[in-house]
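The chain contents come next:
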Amino acid sequence: GSSGSLGSLKSLRASIRQLVKYLQVLAVVAGFSVDWPPFMLGILNFFQQFSSYLPSLVLAGCLDSQQSVSTDMAFKWSLAPFALCLICMAALCSEITRSICIRWFSSRGSWIPKFGHWEIMRLFMWGLYLFFATLLSYGVELFTCSACPDGRLTVGNYPHMQCFKDSEWLKLMPFAILFTTLILAILFSAVTLARRSALRALIMSDMKELGYWSFFFEDYRPGYLYWQSMVLTKDTVINVLSIVAAGHGTVQLLLTACVAMCYTQVVLRKKPFACQANLAMEVATNTALSTICIFSAAMGFQNEPNTKDVTSLFENGAESPEYK
């Protein structure tokens, strides 16, 4: 009974992680060159409020009355270091509280979680893994250059910024490259090293324990510890598609659908998840993603370079949705 309850709780945690990661990928797809119908646009915009647009709406907008791309991107790129600082502060508060309990209340403070250096690192890596797709989208955002009706290449989310020529774009580009490289290098290296550690732990425990970095691999069967890298690769490819096919909505949608369908097929064949419920969840979310992309491409929602209707831009100026 207790083992069954623990298994159900573990499966529920994995399902929540899968849903969070799926919504982030959906937010990336929402940024493609697509004229989404109103009912879909409302849903996608709701998800984007918790990923792509959150820093600019909450942080940058509060501190800078004349919001700039530099301010917006600075907050986005500082989210990971800021999260690390919060974890360190929580660890410090935990240790202070524990010391007070021991000193003044003759208590060992065993009920207070103890945070060492490795615990802080575990929490930070867990956050990077969970929000990988969103963080990577922040890094590649300035690379999504598409053609305007006048032939200029501008950034998708910042159409007033011209790629390769705007001084602000040139100033931000080295930081964007550095941020993207760090996110990819840190997480892929961490997963690789953690997988080696988990394999050693499995061998030493007679295939019963995954060791210190188990949170990376607890959703998968022992023979599929590499699947975490597969998931990260899939999210990376979808983010890259927003760059290489920027402005080509049809290509973005169909290539994303191909990636999602191929991944779903491999999941069905390999069955890497330890729980059947999580396997079904993975298949369902990626099937939904491919269905949305194929449906949108077939219905003609996509845009192509130089075809966007800019009538409202001339009528409303900077307040136009086309400008924003």
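Nothing here was measured: the structure is a model prediction, and the numbers come from that model.

**Student:** Summarise the state of the cysteines; cite the residues concerned and give the values.
**Tutor:** One covalent bond between the sulfur atoms of two cysteine residues makes up a disulfide. In the structure shown here, the tally under the stated rule is one disulfide. Cys 262 takes part in no disulfide bond, and the closest cysteine sulfur, belonging to Cys 258, lies 6.2 Å away.

**Student:** Lay out the environment of Leu 232 in plain terms, naming residues and giving numbers.
**Tutor:** By secondary structure assignment, the location of Leu 232 is in helix α9 (residues 227-244). Residue Leu 232 is classed as buried on the basis of its relative accessible area, which comes to 0%. Distance in space between the C-alpha atoms of Leu 232 and Phe 132 is 7.7 Å, their sequence separation being 100 residues. Other than its neighbours up to four places away in sequence, Leu 232 contacts Phe 132, Leu 187, Phe 188 and Val 191.

**Student:** Please set out the pattern of salt bridges residue by residue, giving values where relevant.
**Tutor:** This structure, assessed with the given rule, holds seven salt bridges. Glu 218 is the partner of Arg 17 in a salt bridge, and the nearest nitrogen-oxygen pair spans 3.4 Å. Within this pair, whereas Arg 17 is found in helix α1 (residues 2-30), its partner Glu 218 is found in the loop between α8 (167-204) and α9, the two being separated by 201 residues in sequence. Of the two residues examined, Arg 17 and Glu 218, each falls in the buried class. Residue Asp 72 pairs with Lys 76 through a salt bridge whose shortest N-O separation is 3.9 Å. Taken as a pair, Asp 72 and Lys 76 lie in helix α4 (residues 69-77) at a separation of four residues, close to a single helical turn.

**Student:** Any chance you could break down the nonpolar core for me, citing the residues and the numbers?
**Tutor:** Residues Met 125, Leu 142 and Phe 216 are the most contacted members of the largest nonpolar core, which totals 41 residues. Secondary structure elements with two or more residues in this core: α4, α5 (79-104), α6 (117-130), α7 (132-140) and α8. Counting residues per element, this core draws most heavily on α8, which supplies 12 residues. Setting aside its immediate chain neighbours within four residues, Met 125 contacts Ile 186, Leu 187, Ala 190, Trp 213, Phe 215 and Phe 216. Counting residues in hydrophobic clusters, the runner-up holds 19 residues, among them Ala 133, Ile 238, Ala 257 and Leu 289.

**Student:** Hey, could you go over the packing of α7 against α9 for me, with residue numbers and the actual values?
**Tutor:** Two quantities define a packed helix pair, namely the angle between the helix axes and the distance between the axes. Where α7 contacts α9, the axes come no closer than 10 Å and their chain directions differ by 30°. Of the possible angle classes, the one that applies to α7 and α9 is roughly parallel. Helix-helix and strand crossings are classified by hand; for α7 and α9 the assignment is right-handed. The residues of α9 that touch α7, namely those facing Phe 132, Ala 133, Leu 136, Ser 137 and Val 140, are Leu 232, Asp 235, Thr 236, Asn 239, Ser 242 and Ile 243.

**Student:** Run through the side chain of Asn 239, naming residues and quoting values.
**Tutor:** By the element assignment, Asn 239 lies in helix α9. Residue Asn 239 is classed as buried on the basis of its relative accessible area of 1%. With residues up to four places along the chain from it excluded, the contact list for Asn 239 reads Val 28, Ala 133, Leu 136, Ser 137 and Val 140.

**Student:** Can you break down the confidence of the model for the protein residue by residue, with the values?
**Tutor:** Mean pLDDT over the protein stands at 82; residues scoring 70 or higher make up 81%. The lowest-confidence element of the protein is helix α3 (residues 54-63), averaging 47 in pLDDT; the highest-confidence one is helix α10 (residues 249-270), averaging 94. Contacts of residues 54-62 to residues separated by more than four positions or lying in other chains number 20 contacts, the stretch itself having pLDDT below 50. Across residues 306-314, where pLDDT falls below 50, the model places 18 contacts with residues more than four positions away in sequence or in other chains.

What counts and what doesn't
- Residues numbered from 1 in each chain as written.
- Predicted model: local features only at pLDDT ≥ 70, side-chain atom pairs only at ≥ 80, totals over all residues.
- Heavy atoms only, no water.
- Disulfide = S-S within 2.5 Å.
- Helix = DSSP H or I, 4+ residues; strand = E, 2+ residues; numbered from the N terminus.
- Buried < 20%, exposed > 50% of the residue type's maximum accessible area, 1.4 Å probe, protein only.
- Contact = heavy atoms within 4.5 Å.
- Salt bridge = Lys/Arg side-chain N within 4 Å of Asp/Glu carboxyl O.
- Core = buried A, V, L, I, M, F, W, Y, C linked by side-chain atoms within 4.5 Å.
- Axes fitted to C-alpha atoms, helices over the stretch in contact; angles between N-to-C directions.
- Parallel < 35°, antiparallel > 145°, perpendicular 65-115°, else oblique.
- Left-handed = near helix turned anticlockwise from the far one by under 90°.
- pLDDT = per-residue confidence, 0-100.

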